[in-house]
Amino acid sequence: MFTLGGVFMEVSEIQSMCVSGSEAYYKYLESHGRGLSSLSVHTIEAAGDGLYLLHLYSRLSPSAADHLDDLFFRYNGRIFTDSEEIRIVHYSPMKAVLTVRPGRRFPYDFSLIRPGQIEVCSDMKFLVKRVRDWYSTHGPEIHPPHEIFARVPPPIIPVSNPTQEQMRAIRGALSSSLSYVWGAPGTGKTRVVLSSCVLSLLRSEKKVLIVAPTNNALEQMLYGLIPVLRENGISYKEILRLGIPSAGFARKYPWVCEPGGLSSQISQLEKDISSMKDCMEFRGKRRKLFQAVDAVNQIFAQLHTFRSSLLPVLKSVDDIAKELFHLKRDVWSRDREIDSLSSTYHRSKDALQRANSSIFRHIFRKHYRRLLAQEDGDFHSLMSAQAKLNELIALQEEAEHQLDEENEKVYTLTLQFTSLKDELLSVCSFSPELSKCAEQLRPTNITGTYKKLCTKLDRNLKKLPQNAPMYAAYGNLSDEDISSALIDLTDQLQCMELPVEERISAATLVAATMDKFMVFSSDSFTPRHVFLDEA
């Protein structure tokens, strides 16, 4: 039984009062259009393909980011909740950018909307429902504080000169079953009083629970408390912050956050990491495509020059080869002719020698002169044929030398072609489709291969705008910025994924919002002292 304002009340009456009060508050919020959390938009940017980027003044809460389908929009005094009116395509918490696509049922021209005219909203009345449900379930367990310390822990003061009021508050909190500390901002409630009490209890091996009505209030206490605890040897693994932290708190103190409470942020981090990797892959492919366009044009300009150089050389090789063939045939014919003339000459010479006696010359003077003339004519015919053969042989050698020179040119040009083809294959290596086309390049199909590659590159380039809008949120970030962010996000993700059982069993200080504590239960953590922030 409680005494409230001089009136005795049963526990069931307090339970009923709290439940009915929660229900009345919920109805009030609903009937007056309250309980909504809204974020203003400072910039609206058209991203192409019917998409718009809404740059928010601050990030969505983790719970809102985890349930994008539950968000709605307020514009021109009207609420738009239907995805056929405004559909959310993507959210980037790092840039606080929401990518949306106005639907066919949205009655306004989105391009004419100004940033201050539209708001992104989420319904926070579920917190009131949670309070009602807690009192409905745990109301009978309510009882006033009655236990006091059998032995007051010695106060540990983290500052050198605490005021008398601060010391009185510290001693009262450590020695009373219930105490209330009030002070204006900057009077040391957190940095001195709360830090001293928590540090004293932890050093006495007492477990401590800190609760606050809102995430912001809870984290403001922790922002002041954690540095003091760390300076006095309390490790991060002894501190556990339950529930969903803000993005700033999770970045600064991921080691103290509950893994389960980070589920939405872990999920979002995984999405961001995946999105960034996809963005890097997209940028890499886009960059390679543009580089390939320039490189292909340059390579094929050289290939056309190569072809212009090769064709005359090949024609020259063909002409010289034909000429050489005819020369070799003429040499062979002339050689046969010389054999015949040589035989004729030797027969004439033999006949002359047989007739070369004084008696024969005297008796057959006319016949001898005829033999002599025949031998002389055959000799001159043989010498003439030999001279022509020597001339043909010289021409053949000269043609063979020219052919060797032209073949050397062909070999040099072939090496140039092979080098250009290797360069082309390297440029196209990022795409199996382009590589296959480049592999088919031959000196005889340069123009055809060029047309095929240009067609495939053009088709791939036309696909880029279809994928670009989903990465528009990273438009102002360089590749180095995204790579650095990827490293940071991956490190955060690893810190957040520690098993919750390990964290709870090692924790001596647990912090939670009141609504989170209402649904929290653990056999491994029973607090010895509870600190409640009222604001």
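Keep in mind the model is a prediction, meaning the values are calculated, not measured.

Colleague: I'm lost on the packing of aromatic side chains in this one. Help?
Modeller: Given two aromatic rings, their pairing is described by the distance between the two centres and the angle made by the two planes. If you walk through the whole model with that rule in mind, you get 13 aromatic pairs. Consider the rings of Y223 and Y253, whose centres lie 6.2 Å apart with planes at 45°: the pair is tilted. Note that Y223 is positioned in helix α6 (residues 215-231) and Y253 in the loop between α7 (247-252) and α8 (263-354), a separation of 30 residues in sequence. Here Y223 falls in the partly exposed class, since its relative accessible area comes to 27%. For Y253, a relative accessible area of 6% puts it in the buried group. What links up through ring pairs into an aromatic cluster is the set Y52, Y75, F80, F106, Y108 and F110. The ring centre of F249 lies 6.0 Å from the NZ or CZ of R241, which sits over that ring.

Colleague: Would you take a moment to explain the nonpolar core for this structure?
Modeller: The nonpolar side chains of a soluble globular protein tend to be buried with one another. Ranked by size, the top nonpolar core spans 37 residues in total, and within it F300, L303, F306, L424, L441 and L453 carry the most contacts. For this core, the secondary-structure elements that each account for two or more residues are α8, α10 (365-427), α11 (432-439) and α12 (446-467). At 17 residues, α8 tops the list of elements feeding residues into this core. Once residues within four sequence positions are removed from consideration, F306 is found in contact with L413, T414, Q416, F417, P443 and I446. Judged by nonpolar contacts, the second largest core, of 32 residues, contains L199, A217, L218 and L509.

Colleague: I tried to follow the packing of helix α5 (residues 189-203) against α6 on my own but got confused; where do I start?
Modeller: How two helices pack is summed up by the angle between their axes together with the distance between the axes. At a minimum axis distance of 9 Å, the contact between α5 and α6 shows a crossing angle of 50°. Accordingly, the angle class assigned to the pair α5 and α6 is oblique. In this structure, α5 crosses over α6, and the sense of that crossing is right-handed. Between α5 and α6, the residues in contact are T190, R191, L194, S195, V198, L199 and L202 and M221, G224, L225, P227, V228, L229 and E231, respectively. Residues belonging to the contact of α5 with α6 are distributed by class as follows: nine nonpolar, three polar and two charged.

Colleague: Can you walk me through the sheet that holds strand β12 (residues 509-513) in this structure?
Modeller: Pairing between the strands of a sheet comes from backbone hydrogen bonds, and it takes one of two forms, parallel or antiparallel. An order of β11-β12-β10-β13 is seen for the four strands of this open sheet, with the pairing classed as parallel. Two strands close off the open sheet at either side, each with one partner strand: β11 (239-241) and β13 (529-532). Across the sheet, the axes of successive neighbouring strands diverge by a mean angle of 15°, strand direction being ignored. Bridge count between strand β10 (residues 208-212) and β13: four bridges; the pairing is parallel. When the sheet's bridge partners are listed, L209 is paired in β13 with V530.

Colleague: Looking at this structure, I do not really get the packing of helix α1 (residues 11-31) against helix α3 (residues 126-138). What am I missing?
Modeller: Taken N-terminus to C-terminus, the directions of α1 and α3 make an angle of 165°; their axes are 9 Å apart at the nearest point. When the interaxial angle is binned, α1 and α3 end up roughly antiparallel. For α1 against α3, the interelement crossing comes out left-handed. Residues Q15, C18, V19, S22, E23, Y25, Y26 and L29 of α1 form the contact with α3, whose own contacting residues are V128, K129, V131, R132, Y135 and S136.

Colleague: How should the confidence of the model for the protein be read in this particular structure?
Modeller: Low pLDDT marks regions whose predicted coordinates should not be analysed in detail. Overall, the prediction assigns the protein a mean pLDDT of 81, with 84% of residues at 70 or greater. Within the protein, the element-level pLDDT minimum falls on strand β1 (residues 2-4), averaging 47, and the maximum on strand β4 (residues 51-56), averaging 92.

Colleague: I would appreciate a short explanation of the sheet that holds strand β6 (residues 78-80) in the present structure.
Modeller: The sheet built from seven strands is open, its strands ordered β6-β5-β9-β3-β4-β8-β7 with antiparallel pairing. With partners counted over all chains shown, the strands left at the sheet margins are β6 and β7 (86-92), one partner each. Adjacent strand axes in the sheet meet at a mean angle of 35°, parallel and antiparallel pairs treated alike.

Reading the values: rules and limits
- Residues numbered from 1 in each chain as written.
- Predicted model: local features only at pLDDT ≥ 70, side-chain atom pairs only at ≥ 80, totals over all residues.
- Heavy atoms only, no water.
- Phe/Tyr/Trp six-rings, centres within 6.5 Å; stacked < 30°, edge-to-face > 60°.
- Helix = DSSP H or I, 4+ residues; strand = E, 2+ residues; numbered from the N terminus.
- Buried < 20%, exposed > 50% of the residue type's maximum accessible area, 1.4 Å probe, protein only.
- Lys NZ or Arg CZ within 6 Å of the ring centre and 35° of its normal.
- Core = buried A, V, L, I, M, F, W, Y, C linked by side-chain atoms within 4.5 Å.
- Contact = heavy atoms within 4.5 Å.
- Axes fitted to C-alpha atoms, helices over the stretch in contact; angles between N-to-C directions.
- Parallel < 35°, antiparallel > 145°, perpendicular 65-115°, else oblique.
- Left-handed = near helix turned anticlockwise from the far one by under 90°.
- Nonpolar A, V, L, I, M, F, W, Y, C, P; charged D, E, K, R; others polar.
- Pairing = 2+ DSSP bridges.
- pLDDT = per-residue confidence, 0-100.

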